[in-house]
Amino acid sequence: QAQLVESGGGLVQPGGSLRLSCAASGSIFSINTMGWYRQAPGKQRELVATVTSSGSAIYADSVKGRFTISRDNAKNTVYLQMDSLKPEDTAVYYCNANLKLYRFSGFANYWGQGTQVTVSS
């Protein structure tokens, strides 16, 4: 099995920055896409950003120019640098990885437990 462990959430003032990290561990053969999603109270979970193993990234329009996703393939870790944070960025942020456990198994989505990000003065 694989586990995703997130860290780096917290309380920050508007305009501030936070960096989230997510490390995948366990018996992993390979990882395809890794990314971040978020869910605010009363809203559906939404995509924030994803990055492929080759470094190709996509972002939600709401975070373009403020958030940067990156990845360390050697460490099976994905990062989300969040700058110029706004109150509307407040949510639980979830890490996602599309990975396979064995050479001949299929890819499956795994999720972290979530980390709270609160942007407030």
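The rules we used
Residues numbered from 1 in each chain as written. Predicted model: local features only at pLDDT ≥ 70, side-chain atom pairs only at ≥ 80, totals over all residues. Heavy atoms only, no water. Helix = DSSP H or I, 4+ residues; strand = E, 2+ residues; numbered from the N terminus. Rg over C-alpha atoms; globule rule 2.2 N^0.38 Å. Buried < 20%, exposed > 50% of the residue type's maximum accessible area, 1.4 Å probe, protein only. Contact = heavy atoms within 4.5 Å. Disulfide = S-S within 2.5 Å. Pairing = 2+ DSSP bridges. Axes fitted to C-alpha atoms, helices over the stretch in contact; angles between N-to-C directions.

**Student:** Teacher, can you tell me more about the overall build of the protein here?
**Tutor:** Scanning the protein for helices and strands turns up 0 helices and 11 strands. For the protein, the succession of helices and strands along the chain, N to C, is β-β-β-β-β-β-β-β-β-β-β. Relative to the 2.2 N^0.38 estimate, which gives 14 Å for 121 residues, the radius of gyration of the protein is 14 Å and therefore close to what a compact globule would have. C-alpha atoms of the protein, sized along the principal axes, occupy 50 × 25 × 20 Å. The buried share of the protein, reckoned over its 121 residues, is 42%. Within the protein, residue pairs in contact and separated by at least 24 positions form 55% of the contacts whose partners lie at least 6 positions apart.

**Student:** Got a minute to help me understand the state of the cysteines in this structure?
**Tutor:** Two cysteines joined by a covalent bond between their sulfur atoms form a disulfide. Using the criterion set out here, one finds 1 disulfide in the structure. The side chain of C22 participates in a disulfide bridge whose partner is C95; the two sulfur atoms lie 2.0 Å from each other. Every disulfide takes its handedness from the sign of the S-S torsion; for C22 and C95 that torsion is -80 degrees, giving left-handed. Highlighted residues: C22 in strand β3 (residues 18–26) and C95 in strand β9 (residues 91–100), separated in sequence by 73 residues. In terms of burial, C22 and C95 fall into one category: buried.

**Student:** I would appreciate a short explanation of the environment of A91 in the present structure.
**Tutor:** Relative to the elements of secondary structure, A91 occurs in strand β9. Accessibility expressed as a relative area gives 2% for A91, which makes it buried. Distance from A91 to L11, taken between C-alpha atoms, is 11 Å for residues 80 residues apart in sequence. Once residues within four sequence positions are removed from consideration, A91 is found in contact with R38, Q39, A40, T115, Q116 and V117.

**Student:** Quick question: what am I supposed to make of unusual backbone geometry here?
**Tutor:** Where the residue is not glycine, phi is negative for most of them; where a peptide bond is considered, it is trans in most cases. The phi angle at N76 is positive, at roughly 50 degrees, despite the residue not being glycine. You can see N76 is positioned in the loop between β7 (67–72) and β8 (77–82). N76 gets classed as partly exposed once you look at its relative accessible area, which sits at 25%. The backbone of S84 sits at a positive phi, close to 50 degrees, despite the residue not being glycine. With respect to the element layout, S84 can be found in the loop between β8 and β9. On the basis of relative accessible area, S84 is assigned to the partly exposed category, the value being 41%.

**Student:** I keep staring at the pairing of β7 and nothing clicks. Help me out?
**Tutor:** Where burial is concerned, the two faces of β7 differ: the one with F67, I69 and R71 is buried and the one with T68, S70 and D72 is not. Pairing of β7 with β8, which is carried by 6 bridges, proceeds in the antiparallel orientation. Bridge pairing in β8 places I69 opposite L80. Between β7 and the antiparallel strand that follows it, β8, lie 4 residues; N76 among them carries a positive phi value of about 50 degrees.

**Student:** When you look at the sheet that holds β3 in this model, what are you seeing that I'm missing?
**Tutor:** In a beta sheet, neighbouring strands pair by backbone hydrogen bonds and run either parallel or antiparallel. Taken together, 4 strands build an open sheet; the order of strands is β1-β3-β8-β7 and the sheet is antiparallel. The open sheet has two free edges, formed respectively by β1 (2–7) and β7, since each of these has just one partner strand. The average angle at which neighbouring strand axes cross in this sheet is 15 degrees, direction not considered. Sheet topology note: the β3/β8 ladder contains 6 bridges and is antiparallel. Within β8, the residue paired with A23 across the bridge is T77.

Shape is all these values report; function is a separate question.
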